[in-house]
Amino acid sequence: MNAASRTKLNQTPEWTALAKHREELGAPQLRELFARQPERGTAYTLRVGDLHLDYSKHLVTDETLRLLRELAAATGVAELRDAMFRGEKINTTEDRAVLHTALRAPRDAVIEVDGENVVPAVHAVLDKMASFADQVRSGQWTGHTGKPVKNIVNIGIGGSDLGPAMAYEVLRSFTDRDLTLRFVSNVDGADLHEAVRDLDPAETLFVIASKTFTTIETITNATSARDWLLTELRAGQDAVAKHFVALSTNAEKVEEFGIDTANMFEFWDWVGGRYSYDSAIGLSLMVAIGPDRFREMLDGFHLVDEHFRTAPAEENAPLLLGLLGVWYGNFFDAQSHAVLPYSHYLSKFTAYLQQLDMESNGKSVDREGDRVDWQTGPVVWGTPGTNGQHAYYQLIHQGTKLVPADFIGFAAPVHDLLPGLIAQHDLLMANFFAQTQALAFGKTPEEVRAEGVPEELVPHKTFRGNHPTTTILADKLTPSVLGQLIALYEHKVFVQGAIWNIDSFDQWGVELGKVLAKKIEPLLTGDGGPAAGQLDSSTAALVDAYRTLRGR
Ligand code: F6P
């Protein structure tokens, strides 16, 4: 669809039809919807690869879903999806193709950017990563003093940290437990300090992950790491080659830093930072889990890519999840979306999704640069259950806000839990099922009264219900299942961006703070002169207070 000729989203007949439908629905009751349609619990389900997806506990009818799909058709979601998969430059503000799907395409696929098939280069880098990972895992990669590398410290931030750090946690039970992996992202020196303080530098490899290789946090940490290593080893610059590798699109800057480009693992400008952990950015992860497991993960991604590309709208899981988000965000005024995994291994999953979703769809101008008059991306939040149940679930159950939530759980724990702990899995999952049930159906005042609760406590013990949830259930949290889950969310985010007519692949909103920080830094040391006159009065006073506290 030609963006320029596109009718504003909220002026399309499909939007108006949805608004009218919403009005007619009033306050939909899940108890009623289930009573009217007893087979709802099996009818409103989808299967994608290993993922069983239940969307029956949503405030929707067949008619809602039909109207939402019509909105998707009218806003050209399928056309934009096809353009993305073809390698067209759909990231218009950066004039770039958006081809993370090429990172997991099979060897014989043909995907062209500017007339060049990018798939051979993708596989060449994967092969180079595999050979490096094998060398480290087998102890053949030795440091400057001849000791094998045992510690890997990934230095990166945003997409160059969150993906591999999250996936390393998720797949911990598949990792080589003789290797120590750490992830450093924060420019707060405490992060690097804690990561290296107990490591033997002779056995430590730094993986510097930065698409641009100009990100101030990463370059600062990488420079400090290099200083630490050379000082501790009492070695010269030549030691860097054995202890530093780079993951980047910018060979020039990598070389300038002093890393041999033979030890650089490349990716390309058509891979967005938050879509990059299945590229060279995943090197630390590949070292930890091994190339075969990494490839299984890529196959999981690819499976969902193919599903998204080819499944009919009625059965298309990312499309459905995207549309449900639009339904709540735009027609129920839901401001946030919770992702609540019932797996300890998914402890960093929601943090990863925050960048994926909020950096992609946290926009307020459309593709033509006009301010949008509709809500765009939600605040994404959540932590693993059951911890959340003892913290913020109170608000979801009985607060005033509508918080649509995704519940993610697994039938079996991964293989190597201690035998006594395997039994705990049923308890975990009983909580998983109980929570979506409670959220959906609540507890009526009559039910509360029937328990003999004194009348004055009845309102307090009543659960309104009607809190919508999606349940995603899989057998086990394997590398492939992780790939499937991430691709599911990537494409969900894509669908929403396409409907809202925003560029989900740029991130101009992170720029201003970076520029201002550069101006403020010399004012903190005093090198830049007095803050007053150079900054607004609030920031200047804060800078002065800081300088006083630091005795400057
Ligand atoms: O936060 C802004 C951002 O550009 C992200 O999009 C990106 O993932 C991150 O910084 C890190 O960038 P780089 O990989 O270039 O260091």
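Residues numbered from 1 in each chain as written. Predicted model: local features only at pLDDT ≥ 70, side-chain atom pairs only at ≥ 80, totals over all residues. Heavy atoms only, no water.

Q: It is not clear to me how the layout of surface pockets should be interpreted in this structure. Could you clarify?
A: Left-over empty space is what a probe sized like a water molecule reveals as it rolls over the atoms. Empty space within the largest pocket amounts to approximately 1,300 Å³. Lining of the largest pocket is provided by 43 residues; of these, Thr-212, Thr-215, Val-510, Glu-511 and Lys-514 occupy positions nearest its centre. Looking at the lining of the largest pocket, the elements with two or more residues in it are α9 (216-233), α15 (349-361) and α22 (511-525). Split by residue class, the lining of the largest pocket holds 15 nonpolar, 16 polar and 12 charged. When its volume is computed, the second largest pocket comes out at roughly 540 Å³. (1 Å grid on protein atoms, 1.4 Å probe; cavity = no way out; pocket = protein on both sides within 12 Å on 5 of 7 lines; lining within 4 Å. Points joined across faces, edges and corners; volume = space filled by probe spheres on them. Helix = DSSP H or I, 4+ residues; strand = E, 2+ residues; numbered from the N terminus. Nonpolar A, V, L, I, M, F, W, Y, C, P; charged D, E, K, R; others polar.)

Q: Explain the sheet that holds strand β1 (residues 45-48) to me, please; I cannot follow it from the model alone.
A: Across a sheet, paired strands are connected by hydrogen bonds in the backbone, their directions being either parallel or antiparallel. Strand order in the open sheet formed by six strands is β1-β2-β13-β12-β10-β11, and the pairing between neighbours is mixed. Only two strands of the sheet have a single partner each, and these edge strands are β1 and β11 (379-381). The sheet shows a mean angle of 15 degrees between the axes of neighbouring strands, direction not considered. Across four bridges, the pairing between β1 and strand β2 (residues 51-54) is antiparallel. Along β2, the bridge assignment pairs Leu-46 with Leu-53. (Pairing = 2+ DSSP bridges. Axes fitted to C-alpha atoms, helices over the stretch in contact; angles between N-to-C directions.)

Q: Just to check I follow, could you spell out the pairing of β1 for this structure?
A: Regular strands have side chains that alternate between both faces of the sheet. Where burial is concerned, the two faces of β1 differ: the one with Leu-46 and Val-48 is buried and the one with Thr-45 and Arg-47 is not. Here β1 hands over to β2 after two residues, with Gly-49 in that stretch at a positive phi of 55 degrees. (Buried < 20%, exposed > 50% of the residue type's maximum accessible area, 1.4 Å probe, protein only.)

Q: Any chance you could explain helix α23 (residues 537-549) here in plain terms?
A: A turn of α-helix holds 3.6 residues, and therefore any two residues three or four places apart point the same way. Taking 1.5 Å per residue, 13 residues should reach 18 Å; α23 reaches 18 Å between its end C-alpha atoms and fits that length. Of the residues making up α23, those classed as buried are Ala-540, Val-543 and Arg-547. Burial along α23 is one-sided: seen end-on, the buried residues are contained in an arc of 65 degrees. For α23, the exposed residues set more than 90 degrees away from the buried face come down to Ser-537, Leu-542, Thr-548 and Leu-549. Contact partners of the buried residues in α23: α22. At the N-terminal boundary of α23, the capping side chain belongs to Asp-536, with an oxygen 3.1 Å from the backbone nitrogen of Ser-538. (Expected span 1.5 Å × (residues − 1). Arc of directions from axis to C-beta. Contact = heavy atoms within 4.5 Å. Polar contact = N/O pair within 3.5 Å; in protein donor to acceptor, adjacent residues only side chain to side chain.)

Q: Please explain the sheet that holds strand β6 (residues 180-184) as it appears in this structure.
A: The strand order across the open sheet formed by five strands is β6-β5-β7-β8-β9, and the pairing between neighbours is parallel. Here the strands that pair on one side only, and so sit at the sheet edges, are β6 and β9 (264-266). Adjacent strand axes in the sheet meet at a mean angle of 20 degrees, parallel and antiparallel pairs treated alike. Alignment of strand β5 (residues 151-155) against β6, held across five bridges, turns out to be parallel. The residue of β6 that forms the bridge with Ile-155 is Val-184. Contacting β5, β7 (204-209), β8 (244-248) and β9, helix α6 (residues 119-138) crosses the sheet at an angle of about 145 degrees to β9. Running over the sheet, α9 touches β5, β6, β7 and β8 and is turned about 160 degrees from β7.

Q: For this particular structure, what's the right way to read empty space enclosed by the protein?
A: In the structure shown here, the tally under the stated rule is five cavities of 30 Å³ or more. As a volume, the largest cavity reaches approximately 60 Å³. Lining the largest cavity are His-58, Leu-321, Leu-324, Gly-325, Tyr-328, His-337, Pro-404, Ala-405, Asp-406, Thr-470 and Lys-492. Within the residue set of the lining of the largest cavity, elements represented by two or more residues are α14 (317-331) and β12 (405-410). Tallying contributions element by element places α14 first for the lining of the largest cavity, with four residues. Here the lining of the largest cavity is composed, by residue class, of five nonpolar, four polar and two charged. The computed volume of the second largest cavity comes to approximately 50 Å³.

The quantities given are spatial measurements derived from coordinates; they are silent on function.
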